[in-house]
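# Observations on the model geometry
Here are the chains, one letter per residue:
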Amino acid sequence: MSKKFYLYSALIAFIIVAPFAFPDFKTQLATVWLMIIVALTWDMTGGQMGYNSLGNITFYGTGMYVAAVVAIALVYDVGEYNNAFGGGIYVFTNQQYFLGLILGTVAAGLFCSLIAVVIGFITFGLRGPYFAIGTLGVAIAAGELVSNWDWVGGGQGIALPVFPGDYDVGKVMFYFLFAGTGVILFVFAKWLYSTRFGAAINAIRDDEEKAEAMGIHTLQYKLAAWAIAAFFVGVAGAISAFQLIHFEPLETAYQTINLGIFMVVCVLLGGAGTLWGPVVGAILFHVFKEVTWNYLLGWQWVALGALIVVTVVYFQGGVVGWVMDKYPQWFGLSRVAEDVSEDEQS
Amino acid sequence: MTSILDVKNVSKSYGGVAANTDISLSVKKGAITGLIGPNGSGKTTLFNSIVGYHPIDSGSICFEGLEISKMPVQKIARLGLLRTFQQTRIYGQMNGIDNMLISLPHRKMRFVDAFGRNGSEEHERAESLLEFVGLYEKRFLRAGSLSFGQQKLLEFAMALMNEPTGLLLDEPTAGINPTLINGLIDRLRRANEEFGITLFVIEHNMRVIMNMAEHIYCLAHGQLLAEGTPSEIQNDQRVIDAYLGAH
Ligand SMILES: Nc1ncnc2c1ncn2[C@@H]1O[C@H](COP(=O)(O)OP(=O)(O)OP(=O)(O)O)[C@@H](O)[C@H]1O
Ligand SMILES: [Mg+2]
């Protein structure tokens, strides 16, 4: 039983105790997990594979809509339900609510994987800034399309049934849904990066032409990586949909300039291409955002902009990259010993 | 002679520049063949055409009897025809071992194999090939921090890791310390003899290519100027003129 084992046990214990230890911050804590999920998944293609998507928010929004439509369709006619917009008497039994939540979430993940493959098939022909802008275009277009589609509530969005129980219990449940998804994603990513798959997407990041010349199935890897990322973002979107109860297409679901950009900032802040970077970045970012949004009202966007500039100019490796550079021995990086012997030789 | 690679009447131009004009040549299976020519004579262009890096204007290219002139790069690589780059390309942020491991032949891999890890067998092979090119001590260094010459050697080791049938080397000795060149010639020979890899080598260093190659082709201004054994090439007046005239 190593030090690592105790560290991870303590972390798990903290994750479980947190919503009870800080009862006033249940929703805040849930949001931190949402940020961790979108940051870790963004890094899967951004940091690990070198494809900086500005369109991952598409999967968040689509996840919301798929989950909502599935949950409603299990009981009512979707078009009628959405056009009544909370006006009619639409009751969901407990069983219908939870079945909708579970099936809706799974369907959201799977559907988002599918559209990631379809969008990826077109956009993965683009490189560098063209990929970033291409995927941003997809997100904007998706938001516009959905907001003009009456069957799913048009610009008004969708109102979902409320959690059928105590208000506080609901908050705890949503915390654990996000936390559970985040922990599963973290463990999955940790494993994935240790396989040949991880090496292949790193190779694509370092030199895609070389990877092609060596016979690596680059497109397959790119599509698979994005589909995995999209699955988790879709699931997160689905949970958000039930948590928020009501969501709009442009402000909430396909919120390109908010969450769509925040996820990138989280990764840059924490350290792109590392496992812990997105996690650390998401936590720091959320704290920073809450503090500035509460105490620097009116200047919050300026503060955020300044944070981005400072990170990009002075800490390109992010917090984790910076610490790794300063204290490589903490990470058991064999690089240290090698660097020394290299110095001695020269 | 049985050839492994047959290039027939291949032409390729970039806009107005005719980089390759009507080139025909063949590379003998199991041998080392050389490709020489002054700067800008179209050698790298020909390599790029062979491995599917760009579409050719006309002509045919066969690898082991299979027409490959319309295939994409990855597919040709998985057939066992590999190239190294004149500018040297390695995966800069990974260490030497990881560069080697990711170079395992993907033609034998199914997609599910991607979700496995490399075992001790693969690690040993990676280490022994790094040893073979003299980079064992540097195996945990970030490959991007290696010197240009070391990167060249790493790229060669990566190509061997891929177990190709045919390997196109674009100036393997460029940037290599002159005192190490003899060692490199020896390694290229051993790759050819012991691993049975057919080599097609672009080289500016005449001593190297005359020493190593069994048959040499010479390009000038995008056209095939001469071919023959090293001694025939050395004594060919057109080749001498091309080299002298080029400067
Ligand atoms: N991508 C390209 N676009 C336009 N012209 C090109 C391109 N690549 C090569 N050329 C031109 O084609 C001709 C042949 O170039 P190539 O690189 O094949 O020469 P080379 O024989 O490999 O020369 P060197 O010995 O200097 O490497 C040159 O005139 C070059 O300018
Ligand atoms: Mg060249």
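It is worth spelling out the overall build of chain A at this point. For chain A, the count of helices and strands is 16 helices and 2 strands. Scaling as 2.2 N^0.38, a compact globule of 346 residues should have a C-alpha radius of gyration of about 20 Å, and chain A matches this with 21 Å. The buried share among the 346 residues of chain A stands at 50%. Restricting to contacts in chain A with at least 6 residues of sequence separation, those with at least 24 account for 81%. Summed over its atoms, the accessible surface of chain A is roughly 15900 Å², and 68% of this surface lies on carbon and sulfur atoms. Distance between charge centres in chain A, computed from 13 positive and 22 negative side chains, equals 9 Å.

Before going further, it helps to examine the overall build of chain B. Looking only at helices and strands, chain B has 9 helices and 10 strands in total. What you see for chain B is a C-alpha radius of gyration of 18 Å, in line with the 18 Å of a compact globule of 247 residues. Expressed along its principal axes, the backbone C-alpha trace of chain B runs to roughly 55 × 40 × 35 Å. When contacts within chain B are restricted to residue pairs at least 6 apart in sequence, those whose partners lie at least 24 apart make up 69%.

On to the pattern of salt bridges, then. All names here are of chain B. Counted by the stated rule, this structure contains 16 salt bridges over all chains. Notably, a salt bridge pairs E127 with R139, separated by 3.9 Å at the nearest N-O pair. Within this pair, whereas E127 is found in helix α4 (residues 120-133), its partner R139 is found in the loop between α4 and α5 (148-161), the two being separated by 12 residues in sequence. Overall, R139 belongs to the buried group, its relative accessible area being 15%.

Moving on, we get to the interface of chain A and chain B. The interface of chain A with chain B comprises 31 residues on the first partner and 33 residues on the second. Counting each side, the surface lost to burial between chain A and chain B is near 3100 Å², with a carbon and sulfur contribution of 55%. Residues R89 of chain B and E209 of chain A are paired through a salt bridge, measuring 2.6 Å at the closest nitrogen-oxygen approach. Per-element accounting of the side of chain A that touches chain B gives the leading share, 8 residues, to helix α8 (residues 196-206) of chain A. Broken down by class, the residue content of the side of chain A that touches chain B amounts to 12 nonpolar, 9 polar and 10 charged.

This brings us to the coordination of the magnesium ion (ligand 2). The expected angle between donors at a tetrahedral four-coordinate metal is 109.5 degrees. At an octahedral six-coordinate metal it is 90 or 180 degrees. All names here are of chain B. Looking at the magnesium ion (ligand 2), the protein donor atoms are T44 (OG1) and Q86 (OE1), and they sit 1.9 to 2.2 Å from it. Of this pair, T44 sits in helix α1 (residues 43-50) while Q86 sits in the loop between β6 (81-83) and α3 (96-101), and the two are 42 residues apart along the sequence. The partly exposed category is assigned to T44, whose relative accessible area is 24%. Relative accessible area serves as the criterion here: at 27%, Q86 is assigned to the partly exposed category.

Time to look at the packing of helix α2 (residues 26-45) of chain A against helix α10 (residues 218-244) of chain A. Residue and element names in this part refer to chain A. Viewed as axis vectors pointing N to C, α2 and α10 meet at an angle of 160°, and their least axial separation amounts to 8 Å. Of the possible angle classes, the one that applies to α2 and α10 is roughly antiparallel. Of the two elements, α2 crosses α10, and the hand of that crossing is left-handed. Residues T27, A30, L34, I37, V38, T41, M44 and T45 of α2 form the contact with α10, whose participating residues are A225, W226, I228, A229, F232, V233, A236, S240 and Q243. Considering only residue class, the contact of α2 with α10 consists of 12 nonpolar, 5 polar and no charged.

This part is about the packing of aromatic side chains. All names here are of chain A. By the definition in use, this model includes 36 aromatic pairs over all chains. Taking the centre distance of 5.0 Å and the plane angle of 85° together, the rings of Y51 and F131 count as edge-to-face. Highlighted residues: Y51 in the loop between α2 and α3 (57-73) and F131 in helix α6 (residues 129-147), separated in sequence by 80 residues. Exposure remark for F131: the relative accessible area of 1% places this residue in the buried category.

Looking now at the site of ligand 1. Residues and elements named next belong to chain B. With respect to spatial proximity, 14 residues lie near ligand 1, and among them K43, T44, T45, Q86 and H204 are the closest. In the environment of ligand 1, an oxygen atom lies 2.8 Å from a nitrogen or oxygen atom belonging to the backbone of G40. Between ligand 1 and the protein, one listed contact pairs an oxygen atom with a side-chain N or O atom of T44 at 2.7 Å. The protein chains hide 61% of the 630 Å² of surface that ligand 1 would expose on its own. Elements with a contribution of two residues or more to the shell around ligand 1: β2 (17-28) and α1. Per element, the largest residue contribution to the shell around ligand 1 is 3 residues, and it comes from α1.

Analysis parameters
Residues numbered from 1 in each chain as written. Chains lettered and ligands numbered in written order. Predicted model: local features only at pLDDT ≥ 70, side-chain atom pairs only at ≥ 80, totals over all residues. Heavy atoms only, no water. Helix = DSSP H or I, 4+ residues; strand = E, 2+ residues; numbered from the N terminus. Rg over C-alpha atoms; globule rule 2.2 N^0.38 Å. Buried < 20%, exposed > 50% of the residue type's maximum accessible area, 1.4 Å probe, protein only. Contact = heavy atoms within 4.5 Å. Areas by Shrake-Rupley, 256 points an atom, 1.4 Å probe, with all protein chains shown as cover. Lys, Arg positive; Asp, Glu negative; His and termini not counted. Charge placed at Lys NZ, Arg CZ, Asp CG, Glu CD. Salt bridge = Lys/Arg side-chain N within 4 Å of Asp/Glu carboxyl O. Buried area = accessible area lost by both parts, 1.4 Å probe. Nonpolar A, V, L, I, M, F, W, Y, C, P; charged D, E, K, R; others polar. Donors = N, O, S within 2.8 Å, 3.2 Å for Na, K, Ca; no water. Axes fitted to C-alpha atoms, helices over the stretch in contact; angles between N-to-C directions. Parallel < 35°, antiparallel > 145°, perpendicular 65-115°, else oblique. Left-handed = near helix turned anticlockwise from the far one by under 90°. Phe/Tyr/Trp six-rings, centres within 6.5 Å; stacked < 30°, edge-to-face > 60°. Near = heavy atom within 4 Å. Polar contact = N/O pair within 3.5 Å; in protein donor to acceptor, adjacent residues only side chain to side chain.

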